[in-house]
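This is what each chain is made of:
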Amino acid sequence: MAQIPNLDNAAINLTSLREQSQRELITILRNIRGKKCLVIDPKLGGSISLIVPTSILKENGAELRYLSFDPLQTECNKVVFLVRNRLDLMKHISSNIQDDIQKGLQREYFVYFVPRRSVACEKILDEEKVHHLLTIGEFPLYMVPLDEDILSFELDDAYKEYLVEGDSSLLWHIAKAIHKLESSFGVIPNVRAKGKGSLRVAGILNRMQAEEPASTPHAGIPEIQTLILLDREVDMVTPMLSQLTYEGLLDEILHVNNGAVELNASIMGVQQEGKKVKVPLNSSDKLFKEIRDLNFEVVVQVLRQKATSMKQDYSDITMVLLFSGLLNAIVVVNF
């Protein structure tokens, strides 16, 4: 099954959203001529893989690496860091650049923040004395289509950052993502919000609509009629409960990230000890689409029926082949 989900059956044209993000990333790479090393924030790796295949990145001259404190191993003279606007990641970037300087390597460095640049991050780069060596830009990836009916902001720690750390910047992020959605599908006429955070997002969205009216090819005909915003604090109990669906059970045991789970290669028939392989979970797989939301006790029965049906189909095919072989033998003897 492909890593990038098939979005053809989505209620709205999510494929166009994905293609727009893909074009924006490819434009960034093409504007940096020649071969370059694309150093990706590990947390962004899964999201990027849902937007653009690795093969396309390589076709545009990108050699892929993941950001870490370890010295960067590449022969490329141009290095592109693709990172979230997190303060700790600025230390990683500074460490990589300072290591190159100590080795006497002369390279061009680019930093693209996802989804937008941050003054606080740039201040750290300045304090580390590497800001002047950088060309800084933005890759406005605000949401990722995980499946034909799921768009994700990929804000794993949003609730903790908002409630515990008091960081309300993510509210702007969410409003901006919705506003970007409206640019493609029209201004959403009905917005309902429950909870303090949701009300603030609705307010920010209203201001954005007034200050930057969404330019859309579907003027006057919005494809999304209603948006419902809910705070997590409206229902704090549900996350504490055990998930009883098939997909929920996979998440409880294997942890679903970016629409995929990691399994030992041996389980997938790949004989490489210790190697992990990613198995996507989306509606592109017809069997998974059928059983993902079923209670796991029912799933056992469904899979048993499927196995019995497949066994019967195999037996029928074998009988047809055997009968065909006998007919051929009879024809040869008669001849």
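Look above for the structure.
These figures come from a predicted structure and were not determined experimentally.

Basis of the calculations
- Residues numbered from 1 in each chain as written.
- Predicted model: local features only at pLDDT ≥ 70, side-chain atom pairs only at ≥ 80, totals over all residues.
- Heavy atoms only, no water.
- Axes fitted to C-alpha atoms, helices over the stretch in contact; angles between N-to-C directions.
- Helix = DSSP H or I, 4+ residues; strand = E, 2+ residues; numbered from the N terminus.
- Parallel < 35°, antiparallel > 145°, perpendicular 65-115°, else oblique.
- Left-handed = near helix turned anticlockwise from the far one by under 90°.
- Contact = heavy atoms within 4.5 Å.
- Salt bridge = Lys/Arg side-chain N within 4 Å of Asp/Glu carboxyl O.
- Buried < 20%, exposed > 50% of the residue type's maximum accessible area, 1.4 Å probe, protein only.
- Pairing = 2+ DSSP bridges.
- Core = buried A, V, L, I, M, F, W, Y, C linked by side-chain atoms within 4.5 Å.
- Expected span 1.5 Å × (residues − 1).
- Lys, Arg positive; Asp, Glu negative; His and termini not counted.
- Polar contact = N/O pair within 3.5 Å; in protein donor to acceptor, adjacent residues only side chain to side chain.

Undergrad: It is not clear to me how the packing of helix 1 (residues 14-31) against helix 7 (residues 169-185) should be interpreted in this structure. Could you clarify?
TA: Relative placement of two packed helices is described by the angle separating their axes and the distance separating the axes. Helix 7 packs onto helix 1 with a crossing angle of 110 degrees between their chain directions and a minimal axis gap of 11 Å. Classified by the interaxial angle, the pair formed by helix 1 and helix 7 is roughly perpendicular. As helix 1 packs across helix 7, the resulting crossing turns out to be right-handed. Between helix 1 and helix 7, the contacting residues are Ser16, Leu17, Gln20 and Glu24 on the first element and Lys180, Leu181, Ser184 and Phe185 on the second.

Undergrad: What is the right way to look at the environment of Phe110 in this model?
TA: Mapped onto the elements, Phe110 comes out in strand 4 (residues 108-114). Considering only alpha carbons, one finds Phe110 and Val80, 30 residues apart in sequence, at a separation of 4.6 Å. Look past the residues within four positions of Phe110 in its chain and what remains in contact with it is Ile32, Lys78, Val79, Val80, Phe81 and Thr135.

Undergrad: I keep staring at the pattern of salt bridges and nothing clicks. Help me out?
TA: Oppositely charged side chains can pair when the atoms bearing their charge come close. Taken as a whole, this structure holds 16 salt bridges when the rule is applied. The salt bridge partner of Glu24 is Lys180, with a shortest N-O separation of 3.8 Å. Taken together, the positions of Glu24 in helix 1 and Lys180 in helix 7 put the pair 156 residues apart, joining distant regions of the chain. Judged by its relative accessible area of 22%, Glu24 falls in the partly exposed class.

Undergrad: Would you mind going over the sheet that holds strand 3 (residues 78-84) with me for this structure?
TA: Adjacent strands of a sheet pair through backbone hydrogen bonds, lying either parallel or antiparallel. The five strands lie next to each other as 2-1-3-4-5, forming an open sheet whose pairing is parallel. The open sheet has two edge strands, strand 2 (62-66) and strand 5 (134-138), and neither has a second partner. Adjacent strand axes in the sheet meet at a mean angle of 25 degrees, parallel and antiparallel pairs treated alike. Across four bridges, strand 1 (residues 36-40) lies against strand 3 in parallel orientation.

Undergrad: I tried to follow the nonpolar core on my own but got confused; where do I start?
TA: Where a protein is soluble and globular, its nonpolar side chains tend to be buried together. Membership of the largest hydrophobic core comes to 25 residues, with the highest contact counts inside it found for Ile178 and Val201. Counting residues per element, the ones that place at least two in this core are helix 1, helix 7, helix 8 (196-211) and strand 9 (226-230). Sort the elements by how many residues they give to this core and helix 7 lands first, with eight residues. Setting aside anything within four residues of it in sequence, one finds Ile178 in contact with Met143, Ile188, Val201, Leu205, Leu227 and Leu229.

Undergrad: How do you make sense of helix 7 when you look at a structure like this?
TA: The α-helix advances 3.6 residues per turn, and as a result positions three or four apart in sequence lie on the same side. The end-to-end C-alpha distance of helix 7 is 25 Å, a good match for the 24 Å that 17 residues give at a rise of 1.5 Å each. Following helix 7 by one or two positions, Gly186 adopts a phi angle in the positive range, close to 95 degrees.

Undergrad: I keep staring at the side chain of Lys78 and nothing clicks. Help me out?
TA: Inspection of the secondary structure assignment puts Lys78 in strand 3. No salt bridge is formed by the buried Lys78; the nearest opposite charge belongs to Glu108, separated by 4.3 Å. Within polar-contact distance, the side chain of Lys78 engages the backbone oxygen of Arg33 at 2.5 Å.

Note that all results are geometric; they support no functional claim without further evidence.
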